[in-house]
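# Observations on the model geometry
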Protein chains: 2
Amino acid sequence: MTASPASEPLQWTDLDKRAVDTIRALAMDAVENTGNGHPGTAMSLAPAAYMLFQRLMRYDPADPDWSGRDRFVLSAGHTSLTLYIQLFYAGLLDLDDLKHFRQWGSRTPGHPEHGHTPGVETTTGPLGQGIGNAVGMAMAARRERGLLDPEAALGGSPFDHRVFTIVSDGDIEEGISHEASALAAHQKLGNLVALYDDNLISIEDDTTIAKSEDVGARYEAYGWHVQTVEWRRSEDYVEDVEALWSAYQTALAETDRPSLIVLKTIIAWPAPNAQNTGKSHGSALGADEVASTKEILGFDPAKSFVVEKDVLAHVRQLRERGAALHHEWDKAYKAWRSANPERTQLHDRMRERRLPDGWTERIPSFEAGKDVATRKASGAVISALAPVLPELWGGSADLAESNNTTPDGEPSFVPPEYATKEFPGDWYGRVLHFGIREHGMGAILNGIALHGGTRPYGATFLVFSDYMRPSVRLAALMKLPVIYVWTHDSVGLGEDGPTHQPVEHLAALRAIPGLEVIRPGDANEAAAAWQFALSRPNAPKGLALTRQNLPTFDRSEGSGFAPASEVGKGGYVLVDAPGDGLPDVVLIATGSELQLAVAAREQLAAEGIGARVVSMPCVEWFDDQDQAYRDTVLPPAVRARVCVEAGIAQPWHRFAGDKGKIVSLEHFGASADYKTLFREFGFTADSVAQAARESLAATRG
Amino acid sequence: MTASPASEPLQWTDLDKRAVDTIRALAMDAVENTGNGHPGTAMSLAPAAYMLFQRLMRYDPADPDWSGRDRFVLSAGHTSLTLYIQLFYAGLLDLDDLKHFRQWGSRTPGHPEHGHTPGVETTTGPLGQGIGNAVGMAMAARRERGLLDPEAALGGSPFDHRVFTIVSDGDIEEGISHEASALAAHQKLGNLVALYDDNLISIEDDTTIAKSEDVGARYEAYGWHVQTVEWRRSEDYVEDVEALWSAYQTALAETDRPSLIVLKTIIAWPAPNAQNTGKSHGSALGADEVASTKEILGFDPAKSFVVEKDVLAHVRQLRERGAALHHEWDKAYKAWRSANPERTQLHDRMRERRLPDGWTERIPSFEAGKDVATRKASGAVISALAPVLPELWGGSADLAESNNTTPDGEPSFVPPEYATKEFPGDWYGRVLHFGIREHGMGAILNGIALHGGTRPYGATFLVFSDYMRPSVRLAALMKLPVIYVWTHDSVGLGEDGPTHQPVEHLAALRAIPGLEVIRPGDANEAAAAWQFALSRPNAPKGLALTRQNLPTFDRSEGSGFAPASEVGKGGYVLVDAPGDGLPDVVLIATGSELQLAVAAREQLAAEGIGARVVSMPCVEWFDDQDQAYRDTVLPPAVRARVCVEAGIAQPWHRFAGDKGKIVSLEHFGASADYKTLFREFGFTADSVAQAARESLAATRG
């Protein structure tokens, strides 16, 4: 059944033509009415988008979250009207939404926002992200099928569906498109179809000024199936919908390669003056030009936001089409459910992002006294959870062994001919190999999370979080349950030197609203970090993990040390000052520096100074606690405080306060063994103790 | 004269072969001695690097900064030994440096660091950056030639030289390589030669697991000239140096296209067990394997760091070769100087990064009372300075009109056939069009600055600083005089919505050590920002500029407002509280929020509260002032403070202190007109005044 239903010849009546022209008029009206926006591409892409939504995609407006739907990703997010008008035709938006385009509180913001507008599969706008999301969705579809219905013939499973994306020159020029597209071909994503709107115009007008690559040849070099549909013919512009339809059909028949259709359009066609100009890309056309264009289209130039009744009735037939597709799919889906009771349980659990009973029992605990790097502890957790959490999958951007992200004995997700001696794998495998493509990885992780079902993680060195930062920001904006495994989290990585040593990264990542950065202080905190990260699928999490070994604290009863389960509160008293009453000073630390605070506490105790050690693995989680709890951990009355973290001080001033001290690193690192670096850069128990004395003196001064 | 001298047939004696094998032994020894590092690629690239330094490049070890030299960029920075051993052969490093590889204080850190080790042209390691730097250097060479010697025939000017780079799989997979390489072909950089070490191995071992693109075809799609040199022949590995030489010769003959040589090597060859493995990429081979390899090479397995006298004498002949090349060049250079007295002045000034007398007089000042966006003021400054600062050039990543970065009437830097109606241009033009390639832009700007001579700037929206962040970090690490023009610097950009609105970016950029972020508060501060940014070529600067109009403050004598020249101090009293003595409260603001502080001051004055307004356009410059000055601006005795900035609070806690308040934005923005957003998000004079009252109350509480 479930190949996208598109094998019939194209039916394209005058009503379709008018519906397409109405898109152009609405796009002009929406921008004109608000006074700003991007009309041109919405006009020229009208037939292509209409064909997708009305004829090609398996899509049911009555259930935009239907798991069996084809996905549509508007990588060229600036032409949000291309999508909004299709959603209006589908009945998910109404005309009033288009009238409030780009206005406060509307469902039609400047760029499409997932979670804000029904039917928007992903938030796009930052260029190149969408194509990466689409690749991730196509990968997720395969992994989900592998978990739930691997025996079905291709196209014969309710879990088969396609991913369509529209990309623009901006997407094509951005480096992330290279990363994602190279990997898409490598993964033989036959379920992915990209339409490239090759209109020769970007914001600086004629793209000739900056671009001369042969995009089709480039995509063929990756291994894509490439077709060109030429609407710009010598002196004439012919919107040959049959040619486009035929290209779509050929693309759908490709099962082994992603497909690129290069569609040569004229932006803002048929606006008499604005067509083929950079202005029409991002500005209102002006009342006169809108009127002239409407005349050309045979519309009343005096009226705005007009949708003829017969046109509306025609396009709203999408509801019947969608219901029929959904009904057909439901039959196959129900048959699958009754034939697969166990997999049905897994499926339902995954859909709800519910973890199985007892899963936390699998999480290893680490013996006190043994030194373990938190990246190693993280790796042990991943291996331990793999058998009970089949939905958890991921990998690294070519640093698997360093990031400790490969669960024991699990196959790689790779076409069989690309499996290697080192990494056996198969079509439905589990371990992802992103290559040296951090940015592509970031967008792909978002696509996997957006697809739903599985839970992805991706890894690189913390310093290279910079390479994927635009995708991390979008994960935060969309509140996606993506987990980043960022190892080698400080100068403690040693000899690779300043290019590889994060200094500002913890601060810069904590700066992103909604991203939760977790930097565990020992192996058991690392295990707890995974537990809470998985339990809270409401936001992306970044785990910052050490390369070097750390002591594992003795947290047994009577040790005076709190259990690692306290990590869920973000910050907690790891070990209090000796004796009763308030401590003299509070030492706040994260990650590899937690041991320095513990050692400094001992030094200070010998001098009669009572120091409390607060472990603060996740500032965001601590901020989420109520004031009473936070005041218990950081008593307002104790102004003597030391924060210690092998990174810049910026995030810690608010915890240190006027009287506190911060042991931080305000410059780039250096190439040497990590013990030397920690000593030379002042990350020692002595310097923490000294900072405590100074802070105490300040409170008394 | 000055084409790279390489037209003779290859002389390759047994001494050369031994010198190459000695590189392999030294690479193994250096890694073995330190216990970590990357030996494999240094071994297999030994002949290619040796040929470059010893035979091909115009290079004089006696003067590694010779402006006429060919540049060498090791984009694959992890194989730093590839470079260090050539620098040792050149006499710029000694054997002791190799013995202290990756150790504290050595000249041979894990990855090459420009400014730290003589002869290192750029800091590499983060993959893909080097190829972007090389593209920038090749562009800078052309621009410099255009300024100084445009009439000379190609190859006939002392300003003609070449840029060579070695790239690895990592560089090729990273998105930035796509951006930089597409632009390199577009710019027809015939002076650029890239050697791609196609060894089929990356850290996750066999690259087959993640990579199947046809790299040569991809580069041909960009428009590069591509050759393949196959050393891996069926069962045998033949280091055919003649074939490589011939490929280099062909590449040098290309004047219209950048050249890619795909060199198919075996990593760590001829190590019997380690060759062709991922382990040999990044780990010491182990004593036994090193010994076995030395035996294969005919070296004493018991000895380390051995360089035979005849080998050393042979390779050190590079000094004579270099002196001869330099001498020949000097003749042409002197002839050019005497024939071009005016250009000689410009040349000397550019080399010293000295600005011409009186240049600041060109900087416009802006009339009080007129509303001007700081991006517009910035554009006016660029246009005003263009005639007197020919070394200043730059452009935008496809946002020129929004970023206001095109100086009036200046031609674009573009091959003539790619000039457009919108942007007339020529081969030696001035306005750069990066395309939608922010990351490539970042690395290219670094390459231009590293090349020396000219002064580059590049522009995009502030939110997209994330796309170029890895390159910005490297600019800061190298202290390069690059200027970023980041406009649309807050939610004040309005309707484009949260994907385009920076919130965390000011904090995240200030977090980078050594980057100077300047956010001017009115048009005259924007002009001053440019003045100080250009005057201080010791670090990269980021200008954060508004899309929306801002009031231009009346700073005339008697106005009570300080002159904009105070911007150079980073923070200053814009206008003090009414009356004498200390103010009751200090309001600290940047950029578009400065006007709110000024308005709040009026409100508070009406209530009898004396508020001082401090403008803080550059926190880094303020931190550079002495304590006495800083205490004058922010009197320690005045604890009532308000910081206001339309971004996250993280950077401001240290200025606000325990009693202060911060008017900030701790969540993503929204799509609406900016006035609505400012009101809805609490950026109003009322809220600043209210925060001041609250802070005052806290100081009294």
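Since the structure is predicted, the reported quantities are computational estimates derived from the model, not experimental observations.

Turning our attention to the overall build of chain A. Helices and strands together make up the secondary structure of chain A, namely 27 helices and 24 strands. Radius of gyration (C-alpha) of chain A: 28 Å, near the 27 Å computed for a compact globule of 701 residues. Viewed in the frame of its principal axes, chain A has a C-alpha envelope of about 90 × 55 × 45 Å. A burial count over chain A gives 68% of its 701 residues as buried. Put simply, 76% of the contacts in chain A that link residues at least 6 apart link residues at least 24 apart. With the model as given, the accessible surface of chain A reaches about 21,400 Å², and the carbon-plus-sulfur share is 48%. Of the charged side chains in chain A, 66 are positive and 94 negative; the average position of the first set lies 3 Å away from that of the second.

Next up on the list: the interface of chain A and chain B. Taken together, the contact pairs 109 residues of chain A with 109 residues of chain B. Taken together, the two surfaces of chain A and chain B that pack against each other cover about 8,700 Å², and 57% of this comes from carbon and sulfur. Contact with chain B buries surface across chain A, with W104, E204 and R473 of chain A losing the most and accounting together for 10% of the total. Here chain A and chain B share twelve salt bridges between them. A salt bridge links R639 of chain B to D658 of chain A; its shortest N-O distance comes to 3.2 Å. Scanning the region where chain A abuts chain B turns up 65 residue pairs in polar contact (both at pLDDT 80 or more). The residue makeup of the side of chain A that touches chain B, split by class, is 44 nonpolar, 33 polar and 32 charged.

Here we come to the sheet that holds strand β23 (residues 641-644) of chain B. Residue and element names in this part refer to chain B. Judged by pairing direction, the sheet is mixed, and its five strands sit side by side in the order β20-β22-β21-β23-β24 without closing on themselves. Lying at the two open borders of the sheet, with one neighbouring strand each, are β20 (572-575) and β24 (661-663). Within this sheet the neighbouring strands show an average axis-to-axis angle of 30°, counted without direction. When strand β21 (residues 585-589) meets strand β22 (residues 611-615), the two strands line up parallel, connected through five bridges. Across the sheet, the residue bridging to V585 is A611, located in β22. Its contacts with the sheet place helix α22 (residues 594-606) against β20, β21 and β22, and it is angled at close to 170° to β22.

All right, on to the pairing of β23 of chain B then. All names here are of chain B. Judged by which residues are buried, β23 turns out to be covered on both faces: R641 and C643 on one side and V642 and V644 on the other are all buried. Relative to β23, β21 is paired through four bridges, and the arrangement is parallel. Across the sheet, the residue bridging to I588 is C643, located in β23. Taken together, the three bridges between β23 and β24 define a ladder with parallel strand orientation. By the bridge assignment for β24, V642 is matched with K661.

It is worth spelling out the packing of helix α3 (residues 46-56) of chain A against helix α10 (residues 241-253) of chain A at this point. Residue and element names in this part refer to chain A. Running from N to C, α3 and α10 point in directions that differ by 55°, and their axes come no closer than 11 Å. Classified by the angle between their axes, α3 and α10 sit oblique to one another. Crossing of α3 against α10: the hand is right-handed. Together, P47, A48, M51, L52, R55 and L56 of α3 and V241, L244, W245, Y248, Q249 and L252 of α10 make up the contact between the two elements. Broken down by class, the residue content of the contact of α3 with α10 amounts to ten nonpolar, one polar and one charged.

Looking now at the confidence of the model for chain A. The predicted model of chain A averages 97 in pLDDT, with 99% of residues at 70 or higher. As a predicted assembly, this complex carries a pTM of 0.98 together with an ipTM value of 0.98.

Bringing the relation of the copies chain A and chain B into the picture now. Superposing chain A onto chain B requires a rotation of 180° together with a translation of 0.0 Å along the rotation axis, leaving an RMSD of 0.0 Å. With respect to symmetry, the two chain copies, as superposed, fit the operation of a two-fold axis. Minimal C-alpha separation from the rotation axis in chain A is found for G175 of chain A, amounting to 1.8 Å. In this assembly the copies share their binding face: 100% of the residues contributing to the interface of chain A also contribute to that of chain B.

Moving on, we come to the pairing of strand β11 (residues 392-396) of chain A. All names here are of chain A. Most of β11 is tucked away, with five of its five residues classed as buried. Alternating positions in β11 separate into two faces, L392, G394 and S396 on one and W393 and G395 on the other, with burial throughout. Two strands pair when backbone bridges link them, and β11 and strand β15 (residues 455-461) are joined in this way by five bridges, in the parallel orientation. In the sheet register, L392 faces β15, and the bridge partner there is R455. Of the pairings in the sheet, the one linking β11 to strand β14 (residues 431-433) comprises three bridges and is parallel in character. The residue of β14 that forms the bridge with S396 is H433.

Turning our eyes to something else, we now look at the packing of aromatic side chains. Throughout the structure, instances matching the rule amount to 56 aromatic pairs over all chains. Seen from their ring centres, W329 of chain B and Y333 of chain B are 4.6 Å apart, and the 15° between their planes marks the pair as stacked. Of this pair, W329 of chain B and Y333 of chain B are both found in helix α14 (residues 318-339), four residues apart, which corresponds to roughly one turn of the helix. Like Y333 of chain B, W329 of chain B is buried. A ring pair is formed by Y333 of chain B and W336 of chain B, whose centres lie 6.1 Å apart and whose planes are at 15°; its orientation type is stacked. You can see Y333 of chain B and its partner W336 of chain B sitting in helix α14, three residues apart, about one turn around the helix. For the pair shown, Y333 of chain B and W336 of chain B are each scored as buried. Of the aromatic side chains, those joined through ring pairs into one cluster are W66, F159, W329, Y333 and W336 of chain A. The cationic tip of R102 of chain A hangs over the ring face of F101 of chain A; the distance from NZ or CZ to the ring centre is 5.8 Å. Geometry around F413 of chain A places R142 of chain A over its ring, the cationic atom sitting 4.1 Å from the centre.

All names here are of chain A. Along the chain, the position of R24 falls in helix α1 (residues 14-34). Only 3.0 Å separates the side chain of R24 from the side chain of D21, close enough to count as a polar contact. Dropping the residues within four chain positions of it, R24 is found in contact with M43, S44, A46, P47, E239, W269, P270 and L297.

Attention now goes to empty space enclosed by the protein. As enumerated under the stated definition, the model contains five cavities of 30 Å³ or more in all. A volume near 100 Å³ is recorded for the largest cavity. H439 and Y467 of chain A together with E179, H439 and Y467 of chain B are, among the 15 residues lining the largest cavity, the residues nearest its centre. Put simply, the parts of the chain that give the lining of the largest cavity at least two residues each are α8 (175-186) and α19 (465-478) of chain A together with α8 (175-186) and α19 (465-478) of chain B. Along the lines of polarity and charge, the residues of the lining of the largest cavity split into six nonpolar, four polar and five charged.

Between two packed helices, both the angle of their axes relative to each other and the distance between the axes serve to describe the pair. Residue and element names in this part refer to chain B. Contact geometry of α8 with helix α9 (residues 215-222) gives a least axis separation of 8 Å together with a crossing angle of 45°. Classified by the angle their axes make, α8 and α9 are oblique. Between α8, through S177, H178, S181, A182 and A185, and α9, the contact on the second element is made entirely by R218, Y219 and Y222.

Glancing now at unusual backbone geometry. Cis geometry is found at the peptide bond from W269 of chain A to P270 of chain A, where omega equals 5°. Among the secondary structure elements, P270 of chain A is positioned in the loop between β9 (259-264) and α11 (279-282). In the Ramachandran plot, K479 of chain B falls in the positive-phi region, its phi being about 60° despite a non-glycine side chain. By the secondary structure assignment, K479 of chain B is in the loop between α19 and β16 (483-487).

Thresholds applied
Residues numbered from 1 in each chain as written. Chains lettered and ligands numbered in written order. Predicted model: local features only at pLDDT ≥ 70, side-chain atom pairs only at ≥ 80, totals over all residues. Heavy atoms only, no water. Helix = DSSP H or I, 4+ residues; strand = E, 2+ residues; numbered from the N terminus. Rg over C-alpha atoms; globule rule 2.2 N^0.38 Å. Buried < 20%, exposed > 50% of the residue type's maximum accessible area, 1.4 Å probe, protein only. Contact = heavy atoms within 4.5 Å. Areas by Shrake-Rupley, 256 points an atom, 1.4 Å probe, with all protein chains shown as cover. Lys, Arg positive; Asp, Glu negative; His and termini not counted. Charge placed at Lys NZ, Arg CZ, Asp CG, Glu CD. Buried area = accessible area lost by both parts, 1.4 Å probe. Salt bridge = Lys/Arg side-chain N within 4 Å of Asp/Glu carboxyl O. Polar contact = N/O pair within 3.5 Å; in protein donor to acceptor, adjacent residues only side chain to side chain. Nonpolar A, V, L, I, M, F, W, Y, C, P; charged D, E, K, R; others polar. Pairing = 2+ DSSP bridges. Axes fitted to C-alpha atoms, helices over the stretch in contact; angles between N-to-C directions. Parallel < 35°, antiparallel > 145°, perpendicular 65-115°, else oblique. Left-handed = near helix turned anticlockwise from the far one by under 90°. pLDDT = per-residue confidence, 0-100. Least-squares fit on C-alpha atoms with pLDDT ≥ 70 in both. Phe/Tyr/Trp six-rings, centres within 6.5 Å; stacked < 30°, edge-to-face > 60°. Lys NZ or Arg CZ within 6 Å of the ring centre and 35° of its normal. 1 Å grid on protein atoms, 1.4 Å probe; cavity = no way out; pocket = protein on both sides within 12 Å on 5 of 7 lines; lining within 4 Å. Points joined across faces, edges and corners; volume = space filled by probe spheres on them.

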